[in-house]
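Here is what each chain is made of, one letter per residue.
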Amino acid sequence: MELKDVLQKRRSIRKFKDDPVPEEYVSELLHAAMSGPSACNRTPWDFYVITNEEALAKLRKAARYSKMEAKLAIVVCGNLSKALPSQLAPFWIQDCSAATENLLLRATDLGLGAVWCGIHPMKRAEKNVSEILGLSEKQVPLNIIYLGFPAEEPEARDQFNEENVHFIR
Ligand SMILES: Cc1cc2nc3c(=O)[nH]c(=O)nc-3n(C[C@H](O)[C@H](O)[C@H](O)COP(=O)(O)O)c2cc1C
């Protein structure tokens, strides 16, 4: 697919078929995620790939709007032990967001559906996910990405709005 088409076809998918996602696809997704930019190239991220039914069921209870029935979830975590020091540390959020968007776009390109469910900065949800995955104090879950073959097809779209563009010429 052309990149432009992938960008417009990527939509949040919240209903999935039962078919499992092949392991080669998971590898492709992780390669795409880790191709992203990060401040000073710190790559302050960890990816948890979850296919265990029990863990998936627990994740569905971890946050209010993240109850998708999917066979695969990837939790993108910031790793503060790799992040920049002191006031620059919060750059991990942009770094992990860039990785997440790469992952979502590659998912679309592979014919998968995915949805980004936000966890950080919701403290209770962060604690829930950290407990389920056994994260260390240095790891902060940014989101849960549910993935699978899509059972719905929202229309591709371009949300361009010229009111949001400001030229300084
Ligand atoms: C930071 C962030 C948090 C989000 N959290 C949720 C969520 O908890 N549950 C959900 O169903 N969708 C969530 N979404 C998906 C958005 O609702 C979705 O991207 C938005 O409505 C635009 O639709 P689209 O993804 O189809 O373009 C989140 C997206 C982002 C970027």
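Nothing here was measured: the structure is a model prediction, and the numbers come from that model. Numbering of residues starts from 1 in each chain and follows the order in which that chain's sequence is written. Only residues with pLDDT of 70 or above have their local features reported here, since the model is predicted, and side-chain atom pairs are shown and tallied only from 80 upward, although totals for entire chains, interfaces and linings are computed over all residues.

Visitor: Honestly, the overall build of the protein in this entry has me stumped. Any pointers?
Guide: The way it works is that DSSP assigns letters per residue, a run of H or I at least four long becomes a helix, a run of E at least two long becomes a strand, and they are numbered from the N terminus. For the protein, the helix and strand inventory stands at 5 helices and 4 strands. Along the chain direction, N to C, the helices and strands of the protein fall in the order α-α-β-α-β-α-β-α-β. In terms of overall dimensions, the protein is globule-like: its C-alpha atoms have a radius of gyration of 16 Å, near the 15 Å expected for 169 residues. Projected onto the principal axes, the alpha-carbon positions of the protein cover approximately 45 × 45 × 30 Å. Across the 169 residues that make up the protein, the buried fraction comes to 33%. Expressed as a percentage of contacts within the protein between residues at least 6 apart in sequence, the contacts between residues at least 24 apart total 79%. For this measure, only C-alpha atoms enter the radius of gyration; the expected value for a globule follows 2.2 Å times N^0.38, where N is the number of residues. Neighbour density around each residue's C-beta defines its exposure: 20 or more other C-beta atoms within 10 Å make it buried, 12 or fewer make it exposed, and counts between make it partly exposed, where C-beta atoms are placed from the backbone. Each residue gets a C-beta atom placed from its backbone, and two residues are in contact if those atoms lie within 7 Å.

Visitor: Help me understand the sheet that holds strand S3 (residues 113–118) in this model?
Guide: Strand pairing in a sheet takes place through backbone hydrogen bonds and is either antiparallel or parallel in direction. When DSSP finds at least two bridges between two strands, those strands are taken to pair. An order of S1-S2-S4-S3 is seen for the 4 strands of this open sheet, with the pairing classed as antiparallel. On the outer flanks of this sheet lie strand S1 (45–50) and S3, each paired with one strand and no other. Within the sheet, the average angular offset between the axes of one strand and its neighbour, ignoring direction, is 25 degrees. In the sheet, strand S2 (residues 72–79) pairs with strand S4 (residues 139–148) via 8 bridges, with the strands oriented antiparallel. Bridging from a neighbouring strand, Val75 pairs with Ile144 of S4. Angles shown run from 0 to 180 degrees and are taken between the N-to-C directions of axes, each axis being a line fitted to C-alpha atoms and, for helices, limited to the stretch in contact. Its contacts with the sheet place helix H4 (residues 91–109) against S1, S2, S3 and S4, and it is angled at close to 155 degrees to S2.

Visitor: Looking at this structure, how should I read the packing of helix H2 (residues 23–34) against H4?
Guide: In helix packing, the relevant descriptors are the interaxial angle and the interaxial distance, both defined with respect to the helix axes. Close contact between H2 and H4 brings their axes to 7 Å; oriented N to C, the two are set at 140 degrees. As judged from the angle between their axes, H2 and H4 are oblique. Here the hand of the crossing between H2 and H4 comes out right-handed. Contacts from Glu28, Leu29, Ala32, Ala33 and Met34 in H2 reach Ala99, Thr100, Asn102, Leu103, Arg106 and Ala107 in H4. Relative orientations are named as follows: roughly parallel for angles under 35 degrees, roughly antiparallel for angles over 145 degrees, roughly perpendicular for angles from 65 to 115 degrees, and oblique for any other angle. For a crossing to be left-handed, the near helix must be turned anticlockwise from the far one by less than a right angle; the clockwise case is right-handed.

Visitor: What is the right way to look at the site of the ligand in this model?
Guide: Each residue receives a C-beta atom placed from its backbone. It is near a molecule or strand if this atom lies within 6 Å of it. Close contacts around the ligand come from Arg11, Ser12, Arg14, Tyr65, Ser66, Val115, Trp116, Cys117, Gly118 and Pro154, and that covers them all. Grouping the amino acids of the shell around the ligand by side-chain chemistry returns 5 nonpolar, 3 polar and 2 charged. The classification used treats Ala, Val, Leu, Ile, Met, Phe, Trp, Tyr, Cys and Pro as nonpolar, Asp, Glu, Lys and Arg as charged, and all other residues, Gly among them, as polar.

Visitor: Got a minute to help me understand unusual backbone geometry in this structure?
Guide: Where the residue is not glycine, phi is negative for most of them; where a peptide bond is considered, it is trans in most cases. Of the consecutive residues His120 and Pro121, the connecting peptide bond is found in the cis state with omega at 15 degrees. Relative to the elements of secondary structure, Pro121 occurs in the loop between S3 and helix H5 (123–133).

Visitor: Honestly, the nonpolar core in this entry has me stumped. Any pointers?
Guide: Buried together is how nonpolar side chains tend to be arranged in soluble globular proteins. Note on terminology: a nonpolar core is any set of buried Ala, Val, Leu, Ile, Met, Phe, Trp, Tyr and Cys residues joined through C-beta atoms within 7 Å. By size, the foremost hydrophobic cluster in this structure holds 40 residues, and its most contacted members are Ala73, Val76, Ala114, Ile144, Ile145, Tyr146 and Leu147. Broken down by secondary-structure element, the contributors of at least two residues to this core are H2, S1, S2, H4, S3, H5 and S4. Tallying contributions element by element places H4 first for this core, with 7 residues. Those residues in contact with Val76 that lie beyond four places of it in its chain are Trp45, Phe47, Cys96, Ala99, Thr100, Leu142, Asn143 and Ile145.

Visitor: Can you help me understand the environment of Asn102 in this one?
Guide: Among the structural elements, Asn102 can be located in helix H4. Remark: the alpha-carbon pair of Asn102 and Ala33, spanning 69 residues in sequence, is separated by 5.1 Å. Apart from residues no more than four positions distant in its own chain, Asn102 is found in contact with Ala32, Ala33, Ser35 and Gly36.

Visitor: Whenever I open this one, the environment of Glu155 confuses me. Can you help?
Guide: Relative to the helices and strands, Glu155 is located in the segment after S4. Looking at Glu155, the number of C-beta atoms within 10 Å reads 7, which means it is exposed. The spacing of Glu155 and Ile132 is 23 residues in sequence and 34 Å in space, taken between C-alpha atoms.

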